[in-house]
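Inside the fold
The chain contents come next:
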Amino acid sequence: MINQTLVLIKPDGLKKSLTGNILTRLSETKLDIVAAKIVRVSRQLAEEHYRHMKDRPFYEELIKYMMGYYHKKKVMALVYWGEDAINKVRQISGATNPEEADMVSIRGQYGRITTKGVYENVIHASTNESEAEREIKLWFAPDELIVDIYPVKEVKSDKLLRVWV
Ligand code: UDP
Ligand code: MG
């Protein structure tokens, strides 16, 4: 089944100069990249992304981790599309806990657990179709994808926009 999945290279992945390595590992899946960008992560975006973790004891640390507690406060967001994309990317990413992850998975190779107990596991990947839809719509606007995956509508807006001078 063809589907799409949100991938985030988390702040530790970027800070450790792992962007190229992670993208190379992901290219083993032979999936298509249909969107990509570097994002400055606000608290609001991090909280919305991890809203299902709100009751967990490490929630506040997780939010700080996603906003980037190193000076490079950024995440790389991508959408991968193709046959069984969600499972293929989860598979190559490895288990959530980097110590339990297969050592040749991305998280097994590059992740660590901080002394505060946060799993710095360098990558996020959606787990199922509904999560992928929610997350792709959260991180990307329709025009930032090169394919129309989900239905869109056109709205007139008098919103203040920032444009190049
Ligand atoms: N996490 C953590 N400690 C835990 C569980 C999760 O620090 O005991 C962090 C970790 O960075 C993980 C994120 O919270 O990637 C989201 O957790 P989830 O259970 O959704 O795992 P994932 O889907 O990322 O494998
Ligand atoms: Mg998850």
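First, a word on what this report is: a plain description of the structure on this page. The numbering scheme is per chain: residues are counted from 1 as the chain's sequence reads. Working convention: letters from A go to chains and numbers from 1 go to ligands, in the order in which they are written. This being a predicted model, a pLDDT of at least 70 is required before a residue's local features are given, and a value of 80 or more before pairs of side-chain atoms are given or counted; all residues contribute to the totals for chains, interfaces and linings. In computing side-chain properties, one takes all heavy atoms of the structure into account and sets aside hydrogens as well as water.

**Some points on the nonpolar core**
- By nonpolar core is meant a set of buried Ala, Val, Leu, Ile, Met, Phe, Trp, Tyr and Cys residues that side-chain atoms within 4.5 Å join together. For every residue, the accessible area obtained with a 1.4 Å probe (protein chains only) is divided by the maximum for its type, and the residue is called buried under 20%, exposed over 50%, and partly exposed between those limits. Core analysis: the biggest nonpolar cluster contains 24 residues, and Leu-8, Trp-139 and Phe-140 have the highest contact counts within it.
- Those elements giving two or more residues to this core turn out to be strand E1 (2–9), strand E2 (32–39), helix H3 (43–49), helix H4 (59–67), strand E3 (75–83) and helix H7 (129–139).
- Numbered from the N terminus, helices here are DSSP runs of H or I no shorter than four residues, and strands are runs of E no shorter than two. Broken down by element, the residue count for this core peaks at 5 residues, all from H4.
- Only heavy atoms enter the contact rule, under which two residues are in contact if any of them lie within 4.5 Å. When residues no more than four places from it in sequence are discounted, the contact partners of Phe-140 are Leu-6, Ala-35, Ala-36, Lys-37, Ala-77, Leu-78, Val-79 and Leu-145.
- By size, the runner-up hydrophobic cluster in this structure holds 18 residues, among which are Leu-14, Leu-26, Ala-85 and Ala-125.

**Some words on the site of ligand 1**
- Around ligand 1, a shell composed of 13 residues is seen, among which Arg-90, Thr-96, Arg-107, Tyr-119 and Asn-121 lie nearest.
- A distance of 2.9 Å separates an oxygen atom of ligand 1 from a polar side-chain atom of Arg-107.
- Pairing of N or O atoms within 3.5 Å defines a polar contact, subject to two protein rules: one partner must be a possible hydrogen donor and the other a possible acceptor, and residues neighboring in sequence count only if both atoms are side-chain atoms. Within the side chain of Asn-121, an N or O atom sits 2.9 Å from an oxygen atom of ligand 1.
- Computed on the free molecule, ligand 1 has an accessible area of 510 Å², of which 86% lies beneath the protein chains in the complex.
- Throughout, the ten residues Ala, Val, Leu, Ile, Met, Phe, Trp, Tyr, Cys and Pro are labelled nonpolar, Asp, Glu, Lys and Arg are labelled charged, and all others, Gly among them, are labelled polar. For the shell around ligand 1, the per-class residue count stands at 7 nonpolar, 3 polar and 3 charged. Any residue with a heavy atom positioned within 4 Å of a molecule or strand is treated as near that molecule or strand. For every accessible area listed, the method is Shrake-Rupley and the probe measures 1.4 Å; residues are considered covered only by the protein chains on display.

**Concerning the packing of aromatic side chains**
- Think of it this way: a Phe, Tyr or Trp ring, Trp meaning its six-membered ring, pairs with another when their centres are within 6.5 Å, and the plane angle makes it stacked under 30 degrees, edge-to-face over 60, tilted otherwise. A full pass over the atoms with the stated rule returns 1 aromatic pair.
- Whether a charge sits over a ring depends on NZ of Lys or CZ of Arg being within 6 Å of the ring centre and within 35 degrees of the ring normal. Over the ring of Phe-140 we find Lys-37; its NZ or CZ atom is 4.7 Å from the centre of that ring.
- The cationic tip of Lys-137 hangs over the ring face of Tyr-150; the distance from NZ or CZ to the ring centre is 5.0 Å.

**Describing the side chain of Asn-3**
- Residue position: Asn-3 is located in strand E1.
- For Asn-3, a relative accessible area of 7% corresponds to the buried category.
- Polar contacts involving the side chain of Asn-3 include one to the main-chain amide nitrogen of Ile-86, which spans 3.1 Å.

**Observations regarding H7**
- Within H7, the full set of buried residues consists of Glu-131, Ala-132, Glu-135, Ile-136 and Trp-139. On an axial view of H7, the arc spanned by its buried residues comes to 125°, and they lie on one face.
- Considering only its buried residues, H7 is in contact with E1, E2, H3, E3, helix H5 (85–93) and strand E6 (123–125). In this description, the arc belongs to the directions extending from the helix axis to the C-beta atoms.

**A look at unusual backbone geometry**
- Even without being a glycine, Ser-17 presents a positive backbone phi close to 60°.
- Within the secondary structure, Ser-17 sits in the loop between helix H1 (11–15) and helix H2 (19–27).
- The phi dihedral of Lys-30 is positive, around 60°, even though this residue is not glycine.
- Relative to the assigned elements, Lys-30 resides in the loop between H2 and E2.
- The exposed category is assigned to Lys-30, whose relative accessible area is 72%.

**Let's talk about the pairing of E1**
- Burial analysis of E1 places 7 of its 8 residues in the buried class, the great majority of the element.
- Any two strands between which DSSP finds at least two bridges are classified as paired. Across 8 bridges, E1 lies against E3 in antiparallel orientation. When the bridges of E3 are listed, Asn-3 appears paired with Gly-82.
- Summarising the sheet, E1 and E6 pair through 3 bridges and their orientation is antiparallel. Across the sheet, the residue bridging to Leu-8 is His-124, located in E6.

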